[in-house]
Amino acid sequence: MSTTRLVVLGAVKQFQPVHGYFLRRELMTWHVDEWAHIQPGSIYNALRALEVDGYIAESGTEAEGKRPARTTYRITPAGEVELQRMLRENLWNVAAFDTQAIMTVASFMFVLSRQEVIAGLEHRLIKSDAIITQNGFDVQDTLRSETTPKYVREIFDLSTARLTAEKQWLLDLLERLRGGEYTFAGEKVEGAEPAEAAPSS
């Protein structure tokens, strides 16, 4: 899965109708260049590819002052399905050495229902415990090995430390979500129209 595609598609859904310049400026404030390794130019490339694949479509143009008009985009029904598929893959699968998946979940969890996000995060707690246990056995194997350098254990210790920290974040987030924080798919903000980011299904 391309993290760039997921991030750009999710951002189009969140800010639609939206043009590439706004996405580039906004996503850079999320530091996607650091945690997702997305460079500004690749955002425009992703927009073109998503349009070719039918996941986004031109919505119109937007002009500011004397600047050339910019094409704006909206997510298509096919794009909605693809975004949910990619986000679910990241929600329900835990990587021992990679943080990109959970960062995309944190960025676009509003796409899914509150119930599914809570269930997925609870699953991540269980899976993280399993990986931490596995890391312990990998450390033992490293220390017993006659060929593997002993310092390689630090790779597994770092993974364990990261997952342990992520578990605490998950517990804190779950408490907030169960308490009603944020707006998810199918939910309405009381006294207001549904937000663009969370349309009713």
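The text that follows walks through the structure, step by step, so that each part is easy to find.

About the cut-offs
Residues numbered from 1 in each chain as written. Predicted model: local features only at pLDDT ≥ 70, side-chain atom pairs only at ≥ 80, totals over all residues. Heavy atoms only, no water. Helix = DSSP H or I, 4+ residues; strand = E, 2+ residues; numbered from the N terminus. Expected span 1.5 Å × (residues − 1). Buried < 20%, exposed > 50% of the residue type's maximum accessible area, 1.4 Å probe, protein only. Contact = heavy atoms within 4.5 Å. Axes fitted to C-alpha atoms, helices over the stretch in contact; angles between N-to-C directions. Parallel < 35°, antiparallel > 145°, perpendicular 65-115°, else oblique. Left-handed = near helix turned anticlockwise from the far one by under 90°. Nonpolar A, V, L, I, M, F, W, Y, C, P; charged D, E, K, R; others polar. Salt bridge = Lys/Arg side-chain N within 4 Å of Asp/Glu carboxyl O. Pairing = 2+ DSSP bridges.

1. Brief notes about helix α5 (residues 77-92)
Between its first and last C-alpha, α5 extends 23 Å over 16 residues, near the 22 Å set by a 1.5 Å rise per residue. Among all positions in α5, only G79, E82, L83, M86, L87, N90 and L91 are buried. Looking at the packing, one finds that the buried side of α5 touches α1 (3-15), β3 (70-75), α6 (100-108) and α7 (114-144).

2. Concerning the packing of α7 against helix α8 (residues 153-178)
Axis separation between α7 and α8 bottoms out at 9 Å; the angle between their running directions is 160°. When the axes of α7 and α8 are compared, the pair comes out roughly antiparallel. Of the two elements, α7 crosses α8, and the hand of that crossing is left-handed. Taken together, the residues of the contact of α7 with α8 break down into 15 nonpolar, 6 polar and 10 charged.

3. Describing the pattern of salt bridges
Oppositely charged side chains are able to pair whenever their charged atoms sit close together. Under the criterion given, the structure shown has 13 salt bridges. Taking the shortest distance from any N to any O, the salt bridge between R5 and D53 comes out at 3.0 Å. One end of the pair, R5, is in helix α1; the other, D53, is in the loop between α4 (40-52) and β2 (56-62), with 48 residues separating them in the sequence. Judged by its relative accessible area of 40%, D53 is partly exposed. Between K167 and D129 there is a salt bridge, and its shortest N-O distance comes to 2.5 Å.

4. What to know about the sheet that holds β3
Sheets are built from strands paired through backbone hydrogen bonds, the pairs being either parallel or antiparallel. The 3 strands lie next to each other as β1-β3-β2, forming an open sheet whose pairing is antiparallel. The open sheet has two edge strands with one neighbour each: β1 (18-19) and β2. Of the pairings in the sheet, the one linking β1 to β3 comprises 2 bridges and is antiparallel in character. Bridging from a neighbouring strand, H19 pairs with T72 of β3.

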